[in-house]
Amino acid sequence: MDEKKMPRQMTGAELNSMLKSNVNFKSLGGMRSDELTLSPEKKQWWRDAKIGMFIHWGIYSMLGRGEWVRFNEHIPDDEYEGLAEEFKGEQCDMEEWAQLAEDMGAKYMVMVARHHDGFALWDSPGSYQGFTSANTGAHRDFIKEYTDACRKHGMYVGIYYSNMDWRFPGYFDPHGLPESAQAMKKQAYDQVQELCGNYGKVDILWYDGSWLNHKGGDVSAAWLWEPVELNKAARKFNSGMMINPRSGWEGDFYCDEGSREIEGKIIPVPWEKNMCICSGTSWGWIPNDPPRDLDWLIHMVVDAIVRDGNILLNVGPDGQGKIPEDVQARVRELGQWIKANGDSIYGTRGGPVEPVDKVYGTTCKGNMIYLHIMDQEKFAGCTLPLTEYKALSCTYKGEPVEYTQDAEGLKIQLPSGLQPEADTIIVIQADRPIEIDRSEDIRFTGK
Ligand code: GLC
């Protein structure tokens, strides 16, 4: 039999020490399955990709009060579902979205195919009561449009799917109303297979909402969803598909959700920060939600990559499918920066030097170490504890920078008159390839 190397388990004090950081991984401790576990090699493309664009768009976008509006405001079913007739995506051009992702420097996209409100953005035979964009006002299959646009723009295709659906009373009382809960489960199995099977190769399946009755986490309702079975069915279509941990199965990577700043040590497992380009008060469109400051966004990107993570940045198109101009502008500015500094981002790994919060961090690739300095003043007195490699050169924007190296590490003299900037990148050429042994696949099993 094929001997597959299984990840080493990390728990208790060791895990706590590793996560001496403020990342908060949702859904730790999901079910395991040797059959579903992907090798580190199969996850490589995703780790190299680093940057993704997330899209939350649905009926809720027409109301502009967030994607939870149906539930939060107790909108009567007829009223909310009636809105589907007005949801036409008049200004929705998926090519534009994919172009924007490309402009942002993203290598993958993840689009919400169905959120907790139950509305499917594709022609979904499995949809309970046929609540889909193909059957209502738009008469369009937005997932077809989306997957086509992603491929045209060279984006890996990611799909978000919420297992739970507020339309089912069984969601709120799975034990008391088992038939309804089972009907919800059947919908999830049918729809996940439609999404993974009918639109060509799906590269990322991004679950959400596997909890029940708002209780517990995504993992605690695994008794209902049987996520190992669900994911085996999903993987039939692409045996290498990356799956997030929010179905109740442990998944292929970890998720840190929200705009909390990232601190702490390198986390040497596949992980992803997902957060909004705007204020983050909701993922779906709200009017006049200001985009975050450019330098702050750059810091979030850098803080993720120097700790070996990816970042998935969310935009919310409005009810007609238009991404607000100011958001587009910020995304493009960020993208210009990402692309200009792509060598220090794509295909790199975090390290070899541990980051110092809000001051600096490193990424590396081959013989190159990219030192990302986020605070020039605080950095000025620092010795970079780089002793295992000899620096052959240090450059800033291609120009040599003065440095000395001794038993304590590397002291870099930043060029005088340097303008303040979000990230000052010093490229250090080392005497040999940086060896970061991340061949051991680690599994976090809950704190
Ligand atoms: C949460 C929310 C949801 C959002 C998601 C994004 O789980 O319920 O509205 O889609 O996070 O990560």
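This structure is a prediction, so every number in the text was calculated from the model and none was measured.

J.: Any details on the sheet that holds strand S5 (residues 156-162)? Residues and values, ideally.
T.: Overall, mixed pairing links the nine strands, which are arranged S2-S8-S9-S10-S3-S4-S5-S6-S7 in an open sheet. Here the strands that pair on one side only, and so sit at the sheet edges, are strand S2 (25-26) and strand S7 (242-243). In this structure, strand S6 (residues 204-208) lies alongside S7, joined through two bridges in parallel fashion. Across the sheet, residue Ile-204 finds its bridge partner in S7, namely Met-242.

J.: Could you give me a rundown of the domain arrangement of the protein, with the residues and numbers involved?
T.: For the protein, the assigned domains are domain 1 (24-344) and domain 2 (349-430). Of the residues lining the interface, 22 residues belong to domain 1; the matching set on domain 2 comes to 18 residues. When domain 1 packs against domain 2, the two sides together hide about 1700 Å² of surface, and 55% of this comes from carbon and sulfur. A per-residue breakdown of the area domain 1 buries against domain 2 is headed by Ile-266, Val-306 and Ser-344, which together make up 29% of the total. Our count for the domain 1 to domain 2 interface comes out at four salt bridges. In this structure, Glu-263 engages Lys-358 in a salt bridge whose closest nitrogen and oxygen atoms are separated by 3.6 Å. In this structure, the connection of domain 1 to domain 2 is made through nine residue pairs in polar contact (both at pLDDT 80 or more). Elements represented by at least two residues in the side of domain 1 that touches domain 2 include exactly helix H2 (40-49) and helix H12 (294-305). If one sorts the elements of the side of domain 1 that touches domain 2 by residue count, H12 sits on top with six residues. Per-class residue counts for the side of domain 1 that touches domain 2 are six nonpolar, six polar and 10 charged.

J.: Kindly report on the environment of Gly-248, identifying the contributing residues and their values.
T.: Inspection of the secondary structure puts Gly-248 in the loop between S7 and strand S8 (254-257). In contact with Gly-248, other than residues within four places in its own chain, are Gly-30, Met-31, Asp-218, Val-219, Ala-222 and Pro-227.

J.: Quick rundown of the packing of aromatic side chains? Include the residues and the values.
T.: Under the counting rule described, the total for this entry stands at 22 aromatic pairs. For the pair Trp-68 and Phe-71, a centre-to-centre distance of 5.9 Å together with 90 degrees between the ring planes defines the contact as edge-to-face. Taking relative accessible area as the criterion, Trp-68 reaches 24% and is therefore assigned partly exposed. Ring geometry for Phe-71 and Trp-166: centres 5.6 Å apart, planes at 25 degrees, overall stacked. Residue Phe-71 is located in helix H4 (residues 69-72), and its partner Trp-166 is located in the loop between S5 and helix H8 (169-172); the two are separated by 95 residues in the primary sequence. Counting every residue linked through ring pairs, the aromatic cluster contains Trp-57, Phe-87, Trp-97, Phe-119, Phe-131 and Phe-142. Against the face of Trp-296 rests Arg-292, its NZ or CZ located 3.7 Å from the ring centre.

J.: Got a sec to walk through the environment of Ala-422? Specific residues and values, please.
T.: Positionally, Ala-422 belongs in the loop between strand S17 (409-413) and strand S18 (424-430). Residue classification places Ala-422 among the buried positions, given a relative accessible area of 8%. Along the primary structure Ala-422 and Met-374 are separated by 48 residues, whereas in three dimensions their C-alpha atoms are 5.7 Å apart. Not counting residues within four places of it along the chain, the set of residues in contact with Ala-422 comprises Asp-295, Ile-298, His-299, Ile-373 and Met-374.

J.: So what's going on with the site of the ligand? Residues and values would help.
T.: Around the ligand there are 14 residues in total, and His-56, Glu-67, His-115, Arg-246 and Glu-257 lie nearest to it. Between an oxygen atom of the ligand and a side-chain N or O atom of Arg-246, the distance comes to 2.9 Å. Contact between the ligand and Glu-257: an oxygen atom at 2.9 Å from a side-chain N or O atom of the residue. Surface burial for the ligand is 95%, taken as the share of its 310 Å² of free accessible area covered by protein chains. Within the shell around the ligand, the residues separate by chemical class into five nonpolar, four polar and five charged.

J.: Break down the pairing of strand S14 (residues 391-396) for me, citing the residues and quoting the values.
T.: Sheet topology note: the S14/S18 ladder contains five bridges and is antiparallel. Among the inter-strand pairings, Tyr-396 is bridged to a residue of S18, identified as Ile-426. By the bridge criterion, two bridges tie S14 to strand S15 (residues 399-400) in an arrangement that is antiparallel. Each bridged residue has a counterpart across the sheet, and for Thr-395 the counterpart in S15 is Pro-400. Linking S14 back to S15 in an antiparallel pair, the connection comprises two residues, with Lys-397 at a positive phi of about 50 degrees.

J.: Describe the environment of Trp-223, with residues and values.
T.: Structurally, Trp-223 can be placed in helix H10 (residues 222-225). Separated by 25 residues in sequence, Trp-223 and Gly-248 have C-alpha atoms that sit 8.8 Å apart. Sequence-distant contacts of Trp-223, defined by excluding residues within four places in its chain, comprise Pro-174, His-175 and Leu-212.

J.: Please set out the pairing of strand S12 (residues 360-365) residue by residue, giving values where relevant.
T.: With five of its six residues buried, S12 lies for the most part within the structure. Looking at chain direction, strand S11 (residues 349-350) and S12 are connected through two bridges and run antiparallel. By the bridge assignment for S12, Arg-349 is matched with Cys-364. Bridging between S12 and strand S13 (residues 368-373) involves six bridges; their strand directions are antiparallel. Looking across to S13, one finds that Thr-363 is bridged to Tyr-370. Adjacent in sequence and paired antiparallel, S12 and S13 are bridged by two residues, among which Gly-366 carries a positive phi angle near 60 degrees.

Basis of the calculations
- Residues numbered from 1 in each chain as written.
- Predicted model: local features only at pLDDT ≥ 70, side-chain atom pairs only at ≥ 80, totals over all residues.
- Heavy atoms only, no water.
- Pairing = 2+ DSSP bridges.
- Helix = DSSP H or I, 4+ residues; strand = E, 2+ residues; numbered from the N terminus.
- Domains from an automatic or database assignment.
- Contact = heavy atoms within 4.5 Å.
- Buried area = accessible area lost by both parts, 1.4 Å probe.
- Salt bridge = Lys/Arg side-chain N within 4 Å of Asp/Glu carboxyl O.
- Polar contact = N/O pair within 3.5 Å; in protein donor to acceptor, adjacent residues only side chain to side chain.
- Nonpolar A, V, L, I, M, F, W, Y, C, P; charged D, E, K, R; others polar.
- Phe/Tyr/Trp six-rings, centres within 6.5 Å; stacked < 30°, edge-to-face > 60°.
- Buried < 20%, exposed > 50% of the residue type's maximum accessible area, 1.4 Å probe, protein only.
- Lys NZ or Arg CZ within 6 Å of the ring centre and 35° of its normal.
- Near = heavy atom within 4 Å.
- Areas by Shrake-Rupley, 256 points an atom, 1.4 Å probe, with all protein chains shown as cover.

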